[in-house]
Amino acid sequence: MQSTDLGNKESGKIWHRKPSPASRDGVIVNIIHSTSDYHPKVLRFLSVAFNGSGDCLIAGDHQGNIYVFDLYGNRFNLVQRTAQACTALAFNLRRKSEFLVALADYSIKCFDTVTKELVSWMRGHDSSIFSISVHASGRYAITTSSDTAQLWDLDTFQRKRKLNIRQSVGIQKVFFLPLSNTILSCFKDNSIFAWECDTLFCKYQLPAPPESSSIIYKVFAVTRDGRILAAGGKSNHLHLWSLEATRLFRIIQMPTKIRAIRHLEFLPDSFDAGSNQVLGILSQDGIMRFVNIQTCKLLFEIGSLDEGISSSVISPHGRYIASIMENGSLNIYSVQALTQEINKPPPPLVKVIEDLPKNIPTSGDVKMKMTSGRVLRPARCKEHKTQTRIIKQDLTGNLENKENELSDGLNKKRLQILLKGYGEYPTKYRTLSALAHWSSIFSDTPYLPLLAFPFVKLFQNNQLICFEVVATLIINWCQHWFEYFPNPPINILSMIENVLAFCDKQLLQHFIDHDITSQLYAWPLLETVFSEVLTREEWLKLFDNVFSNQPSFLLMTVVAYSTCSRAPLLNCTLKDDFTYFFHHRNNLDINVVIREAYHLMETTPADIHPDSMLDAFVALTKGQYPVFNQYPKFVVDFQTRERERIRNDELDYLRERQTVENMQAEVDQQRLEDEAWYQKQEELRKAEEARREMLLHEEEKMVQQRQRLAAVKRELKMKEIHLQDAARRHFLKLQQAQHEMELRRLDDEIERKVQMRDREIATTARDLEMRQLELESQKRLYEKNYTRNQEVFAKEFREDADAYRQKVDFEEHMFHKMIETDQTQTENAKKVIEEKLAKAEQACLNTDWKIQALHKQKCDDLQRNESYQEMTKLLRKNRRKEVELLNAMMEEEAKKWKEAEEKEFHLRAEKKASSLSDTSRNWFLKQELSAALEHAERPFSKAEDSCLRREQKAPGSLARTSQLTDISEVDPSTGLPLRRSTAEWDGKKENLLKKVRDLRQRLTAQAQNRHLSQSLLAT
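Small disclaimer: the values here were computed from a predicted structure and weren't measured.

## What about the overall build of the protein chain?
A count of helices and strands for the protein chain gives 20 helices and 30 strands. A total of about 62,600 Å² of accessible surface is found on the protein chain, and carbon and sulfur atoms cover 54% of it.

## A word on empty space enclosed by the protein
For the coordinates displayed, the defined rule picks out two cavities of 30 Å³ or more. By volume, the second largest cavity amounts to about 50 Å³. Forming the boundary of the second largest cavity are Asn476, Trp477, Cys478, Gln479, Trp481, Ile492, Pro551, Leu554, Leu555 and Leu614. Tallied by class, residues from the lining of the second largest cavity come to eight nonpolar, two polar and no charged.

## Quick look at the environment of tyrosine 786
Summarising the element assignment, tyrosine 786 is placed in helix 16 (residues 633-825). In sequence terms tyrosine 786 and leucine 993 are 207 residues apart; their C-alpha atoms lie 9.8 Å from each other.

## Things to note about the packing of aromatic side chains
Counted according to the given criterion, the structure contains 26 aromatic pairs. With 5.7 Å between their ring centres and 55 degrees between their planes, tryptophan 477 and phenylalanine 617 make a pair best called tilted. Taken together, the positions of tryptophan 477 in the loop between helix 6 (463-476) and helix 7 (490-503) and phenylalanine 617 in the loop between helix 15 (590-603) and helix 16 put the pair 140 residues apart, joining distant regions of the chain. Ring plane angle 65 degrees and centroid distance 6.2 Å describe the contact between phenylalanine 530 and tyrosine 561, whose orientation is recorded as edge-to-face. With phenylalanine 530 in the loop between helix 10 (523-527) and helix 11 (536-546) and tyrosine 561 in helix 12 (residues 552-564), this pair connects stretches of sequence that are 31 residues apart.

## A word on the pairing of strand 18 (residues 192-196)
As defined by bridge partners, strand 17 (residues 182-187) adjoins strand 18 across five bridges and the pair is classed as antiparallel. Among the inter-strand pairings, serine 185 is bridged to a residue of strand 18, identified as phenylalanine 193. Linkage of strand 17 to strand 18, two consecutive antiparallel strands, is achieved through a turn of four residues, within which asparagine 190 is found at a positive phi near 70 degrees. Of the pairings in the sheet, the one linking strand 18 to strand 19 (residues 202-205) comprises three bridges and is antiparallel in character. Paired with phenylalanine 193 across the two strands is glutamine 205, which belongs to strand 19. Taken together, strand 18 and the strand that follows it, strand 19, pair antiparallel across an intervening segment of five residues, in which leucine 200 is found at a positive phi of about 55 degrees.

## What about the pairing of strand 29 (residues 320-325)?
By the criterion of burial, strand 29 is predominantly enclosed, with six of the six residues buried. Going residue by residue along strand 29, you find Tyr320, Ala322 and Ile324 tucked away on one face and Ile321, Ser323 and Met325 tucked away on the opposite face as well. Both strand 28 (residues 309-314) and strand 29 contribute to a ladder of five bridges, which runs antiparallel. Each bridged residue has a counterpart across the sheet, and for serine 311 the counterpart in strand 29 is isoleucine 324. Relative to strand 30 (residues 330-334), strand 29 runs antiparallel, the two sharing five bridges. Residue pairing for strand 30: isoleucine 324 is matched across the bridge by leucine 330. Between strand 29 and strand 30, which pair antiparallel in sequence order, lie four residues; one of them, glycine 328, sits at a positive phi of approximately 95 degrees.

## Here we look at helix 15
The first and last C-alpha atoms of helix 15 sit 20 Å apart over 14 residues, in line with the 20 Å expected at 1.5 Å per residue. Buried residues along helix 15 sit against helix 7, helix 11 and helix 12.

## A few points about a negative patch on the surface
Judged by side-chain charge, Glu796, Glu799, Asp800 and Glu904 come together as a negatively charged surface patch. Here the negative patch takes three residues from helix 16, the largest share from any one element. Assignment of secondary structure puts aspartate 800 in helix 16.

## Observations concerning the confidence of the model for the protein chain
Summarising the model, the protein chain shows a mean pLDDT of 79, and 81% of its residues fall at 70 or more. Confidence drops under pLDDT 50 across residues 357-412; counting only partners more than four residues distant or on other chains, this segment forms 83 contacts. Within the model, pLDDT remains below 50 along residues 418-425, and this stretch shows 14 contacts once partners closer than five positions in the same chain are excluded.

## Topic: unusual backbone geometry
Here the phi dihedral of tyrosine 106 falls at roughly 70 degrees; this positive angle occurs in a residue that is not glycine. The topology assignment puts tyrosine 106 in the loop between strand 9 (98-103) and strand 10 (108-112). We note that lysine 116 has phi near 60 degrees; this positive angle belongs to a residue other than glycine. The exposure class of lysine 116 is partly exposed, given its relative accessible area of 37%.

## Considerations on the sheet that holds strand 22 (residues 237-242)
Taken in spatial order, the four strands make up an open sheet running 20-21-22-23, and their pairing is antiparallel. Only two strands of the sheet have a single neighbouring strand rather than two, namely strand 20 (217-222) and strand 23 (247-253). Here the average twist between neighbouring strands, direction ignored, is 25 degrees. Of the strand pairs in this sheet, strand 20 and strand 21 (residues 228-233) are connected by five bridges, and their pairing is antiparallel. Across the sheet, residue valine 219 finds its bridge partner in strand 21, namely glycine 232.

## Observations concerning the sheet that holds strand 25 (residues 278-283)
Strand order in the open sheet formed by four strands is 24-25-26-27, with antiparallel pairing between adjacent strands. On the outer flanks of this sheet lie strand 24 (261-267) and strand 27 (297-302), each paired with one strand and no other. Across the sheet, the axes of successive neighbouring strands diverge by a mean angle of 25 degrees, strand direction being ignored.

## Here's the deal with a positive patch on the surface
On the surface, Lys873, Arg876, Arg880 and Lys895 cluster together into a positively charged patch. With three residues, helix 17 (residues 827-880) is the single largest residue contributor to the positive patch. Summarising the element assignment, arginine 880 is placed in helix 17. Here arginine 880 falls in the exposed class, since its relative accessible area comes to 56%.

## Some words on the nonpolar core
With 75 residues, the main nonpolar core has Leu526 and Phe530 as its most contacted residues. Once residues within four sequence positions are removed from consideration, phenylalanine 530 is found in contact with Leu525, Trp539, Leu542, Leu554, Thr557, Val558 and Tyr561. Formed by 22 residues, the second largest nonpolar core is a distinct cluster that contains Ile31, Val313, Ala322 and Leu330.

## Comments concerning the pattern of salt bridges
Should the charged atoms of two oppositely charged side chains come close, the side chains can pair. What the rule picks out here adds up to 28 salt bridges. Across the pair glutamate 682 and arginine 685 runs a salt bridge whose closest N-O atoms are separated by 2.4 Å. Remark: arginine 685 and glutamate 682 occur in helix 16; sequence separation between them is three residues, near one turn of the helix. Of the charged contacts in the structure, one is a salt bridge between arginine 745 and glutamate 742, with a shortest N-O distance of 2.1 Å.

## Observations regarding the packing of helix 5 (residues 448-458) against helix 6
Across the interface, helix 5 lies against helix 6 with an axial gap of 10 Å and an inter-helix angle of 130 degrees. Taken as axis vectors, helix 5 and helix 6 run oblique relative to one another. Here helix 5 and helix 6 pass one another in a crossing that is right-handed. Residues Leu448, Leu451, Ala452, Phe455 and Val456 of helix 5 pack against Cys466, Val469, Val470, Leu473 and Ile474 of helix 6. Within the contact of helix 5 with helix 6, the residues separate by chemical class into 10 nonpolar, no polar and no charged.

## Concerning the side chain of serine 565
Note on placement: serine 565 falls in the loop between helix 12 and helix 13 (566-571). Here tyrosine 561 takes part through its backbone oxygen, which lies 3.0 Å from a polar atom of the side chain of serine 565. Apart from residues no more than four positions distant in its own chain, serine 565 is found in contact with Phe581 and Leu588.

## Brief notes about the packing of helix 4 (residues 430-438) against helix 6
Between helix 4 and helix 6, the shortest axis-to-axis distance is 10 Å and the interhelical angle comes to 50 degrees. Between helix 4 and helix 6, the angle falls in the class oblique. Remark: the crossing between helix 4 and helix 6 carries right-handed chirality. Where helix 4 abuts helix 6, its residues Thr431, Ala434, Leu435 and Trp438 lie against Gln463, Cys466, Phe467, Val470, Ala471, Ile474 and Ile475. Considering only residue class, the contact of helix 4 with helix 6 consists of nine nonpolar, two polar and no charged.

Criteria and cut-off values
Residues numbered from 1 in each chain as written. Predicted model: local features only at pLDDT ≥ 70, side-chain atom pairs only at ≥ 80, totals over all residues. Heavy atoms only, no water. Helix = DSSP H or I, 4+ residues; strand = E, 2+ residues; numbered from the N terminus. Areas by Shrake-Rupley, 256 points an atom, 1.4 Å probe, with all protein chains shown as cover. 1 Å grid on protein atoms, 1.4 Å probe; cavity = no way out; pocket = protein on both sides within 12 Å on 5 of 7 lines; lining within 4 Å. Points joined across faces, edges and corners; volume = space filled by probe spheres on them. Nonpolar A, V, L, I, M, F, W, Y, C, P; charged D, E, K, R; others polar. Phe/Tyr/Trp six-rings, centres within 6.5 Å; stacked < 30°, edge-to-face > 60°. Pairing = 2+ DSSP bridges. Buried < 20%, exposed > 50% of the residue type's maximum accessible area, 1.4 Å probe, protein only. Expected span 1.5 Å × (residues − 1). Contact = heavy atoms within 4.5 Å. Patch = residues over 30% accessible without salt bridge, like charges linked within 9 Å, V, L, I, M, F, W, Y side chains within 5 Å. Salt bridge = Lys/Arg side-chain N within 4 Å of Asp/Glu carboxyl O. Lys, Arg positive; Asp, Glu negative; His and termini not counted. Charge placed at Lys NZ, Arg CZ, Asp CG, Glu CD. pLDDT = per-residue confidence, 0-100. Axes fitted to C-alpha atoms, helices over the stretch in contact; angles between N-to-C directions. Core = buried A, V, L, I, M, F, W, Y, C linked by side-chain atoms within 4.5 Å. Parallel < 35°, antiparallel > 145°, perpendicular 65-115°, else oblique. Left-handed = near helix turned anticlockwise from the far one by under 90°. Polar contact = N/O pair within 3.5 Å; in protein donor to acceptor, adjacent residues only side chain to side chain.

Shown next as C-alpha cells:
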C-alpha cells in the first residue's frame, strides 16, 4: 500500500509507482495531509465526493483546504482555501468544472476547479448543513440541515423553495432519487414522503415500519434505478423498501456484534441496469461490509478495528471507493481488487495426462495438449502429418488467421485509445497492464503485446498464471533484450548472426548481399515468439522444447528456422519478400526446426555459443516478484518526463483553446446581441411612426362617431321614455295579477287546512274506535284465558274426586268382603253379638260423621276466607295498577305461580297424609280379618271377650284415622254429605267469579272513558 503526504504542496502526483492493490485490503493509496510548521500536525479530511465520470474526486479538510484528485491522470491540485471546515461537498453540477461546498458558517459556495474562482455564494440556513443532493440534470440542488431543507436553482443560484417543519420532528435527510424528478424527504419520526420536484406535489408516503422491527431511521441509500430504498439506524436490522409498491419487502438482520449502522451506499455495476444488488454497510465498529441484498451473503469488507472508517463514497461506475478514516486520512480502494476472489473463474474442466518430456520427439509419439477452453486433437505420426494439417486448416484456419493477423501490430497509442474508450483494458490486455505495473519500461515497450499475445490466448482463463509465465520468459529467455532500449537488442541479434555465420555462411552472405539485417530476419521471430509464423499446435510443440531447455535454445531456434527455410530464402531478392516471409506462415515442418535447433545447441563452438553470455534459468521468487531493472533507466525516465511535458503542454493548449473558444463565443454572442438590439430599435421606430399615423386617422373617425353617437343618444332617450311608460303600466298590471293570485292561493290554503283538519279528526275518531276494539278484544282474550284456566282446574279437581271415590269403593269392597267372611265363619257368634256390634258400629259411625262434618265445615270456612282475601287483594291491585295493566298482570301471574307451587306442596302433603291413613286403615282391616279367622278356630267362650276388646279399640282407631285425613268420609251406602258440600262449593265459586268479571268490566269501562277524554282534550 502506497502512502502520499500532501504536505504544503499545491499539486503533484498521487502515487509515484504503479499501484498494485492486494485483494485482502484493496487499498490503492493512502492520502494524508500534514503540515510542516513549528508544531507539525495532521489535518483531518471531513468530506469527499466523486464527479460524474468517477475518475475524479474532491475532498476537504477541517481547515477548509479543498483538493481535487484525478485518479486517471495521477494528479492532485489544491483548488481552494476557504479557511473554514467543510461539512458537505457535491461535484455533479451541469458545468463539470464547478462544485458546491457547505461551510461551517452555514453558507454554500460554488467554486470552479479550473479557474479556482468563486462562482456564487448562497445563504439561508441557520444550522450546520450535512447533506447536498444534486439533481440528475445538474440544474437543482437540495441542501439539508437539522431544521430545514432548501431547493436551489443552480442556473441562477437563487433559492426556489424552502421546507419548514416543527422543531419537535427534525429532518434526517432530503435528497433526489437518481435519474428521477422525485424528492425523498425523511424525518426523525420515521415518516418518509415523496414529492414531485417541479410542483412539490406529494406523490406518496411510505407506511410506518412494523413494531416487531421498529427502528429510528438515520441513514438511507437508493439504487441507481430508484426502485429500492435501504434504511438503517441504531439497530442491527436493515429495512429494504420498494418505492414502486410503497411497502417494506425485506428486513435484513446483521450479526449481533453490529449495534448501529452509520452509513449506507449501493455498489454500482455496469451490467445490472441500475438495480444494484450489493450494499455497503458501515457499522459502529468502523468496518464497511458489502452484502448481496438478494442472497444476504457477505462478499467483502474494508476497514478494521484498528483503522476504522468514518465515512465512504463510491464512484458512479463502481471502480473506486473513497473512505475517510477515523485518523483523518483518505483511503482509495480498488473494487476490482476486492472482488478478485469473488470473480475468479472456475478451474478448467478438462485435465490431460501427458507423457514424460523427451528432448527429441519421435514420429510415433501421440501427445495431448491441455488448454483451459477445449481439448486438442492428438498429433499423428509423420506420414499422416500433411493430411492432418490440411484438415485442421479447413476447420480452424480462419480463426487462427484472425488471431495472428497483426500486420500493423499493437502499439501504445492503440492501447491508450482503448483505455480512454472503455475505461480499462480488455481482458486480454490486463496482462500488459500488470507487466507495466511490474516495471515501468514495459509501459513503453512497443512489441510487448506481440510477445504476450500467445500466452494470453493460452491462459485466457487465468491472468495470474499468464503474467507469471510472461515474467519468467522475460527474466530468462529475454535476457539483455532491453539494454539498447528503445532499439532492438543488438547484442542478442549479433549472437544469432554469429551462429548463422557458423552454420550457413551462404545464407548469411545472401542476406548481406540484399541488405537484410538481423533486425529483419531474426527480430520479428523473437518479438512475436514465433506466433506469427506457426500454428497453435506447432507453437505449443516448439515452446514445450523451449521451456525444457536453457534460454539459448530460443536463439538457436531462430537460426534453425532460417536454415531450414534456406531454399525459399535464397530465391528471395526483394526486401518486401523477406519481410513478408518472416511475418507469415510458411510450409515448414516444425519437427525439423526443433531437431536443427538441438543440433546447433550441440555443434556450435563455445566461443560463439549463446550459453557463454546468457545466465542459467532462474525461477520467480516466492512471496514477491523480483525487481526488473535491466534497462537504461535514464532513457525510460527521459521518455516519462517527455510524456509528462507533452501532456502538460497539451493541457495548456487545450486550456488556451478553450479560453479562445470561450472568448470567440462571447464575441459572437455580443455581436448577435448588438445586431438584435439595432434591429429591435429599427422595428420600434417604424412601429412608432405607424402608430402616429394610426392615431391621427383614429381621431378623425372618433369626431365623426361622436356626432353620430349624440344623434343616436337623443333617439334612444325618447325610446327609453316610451319604454319606461309602457313598462310602468305593464308592471301595475302584473302586480295586480300577482295580488289576485296570492288571494286565490290563500283561499286554497285555508280550504286545504280545513280539509286536513277534518281528515285528522276523522282519523283520530277511527283510531279511538280501533283502540276501543283492541281493548274489548283484549278483555275477551283475558276472560277466555281465565275461563280456560278454571276449566282446567275443575277438571283436575274432578279427577282427584273420582280417584278418591274409587279408593273409597275399593276400601268398602274390602270391608264388605271381610264382613261376609266373618258372617259365614261365625254365624253362631254373630247372632249373639249382632245387636251389640251394630249399636257400637252405629255409635262409632255417628261420632265419626260428626267429627268429619265439623272438619269439613272448618275447611270450607278456611277456603272461603282465603277466597275473600284473595279477591280483596285482586280488587286493590286492579284499582292501584290500572294504568300499568300489563305489568300488574305479569306480577299477578308470578304470584299465582308461586301460590300454585305452595298449593301443590300442600296437596302433596295432604296426599302423603292420605296415604298414611290408607296404610293405617288397611292395617286395621287386616287385623280384623286375622281376628275373625282366629275366632273361627277358637271356642265360642272367648268370643265375647274379644268382641269387648274390639269395641274398646275401634273408636280410638277410627278417631285417629279421621284426624289424619283431610277429606271427610261418610256412610258408603249413602254418600250424601260429600256431594252436598261439593255442590255448595261449586255454587259459591260461580257467584264469586261472576262478581269478579263484573268488577273488571266496570274498571275497564272507566279506564276507556278517561283515556278518550284525555285524547279529545289534547286534540
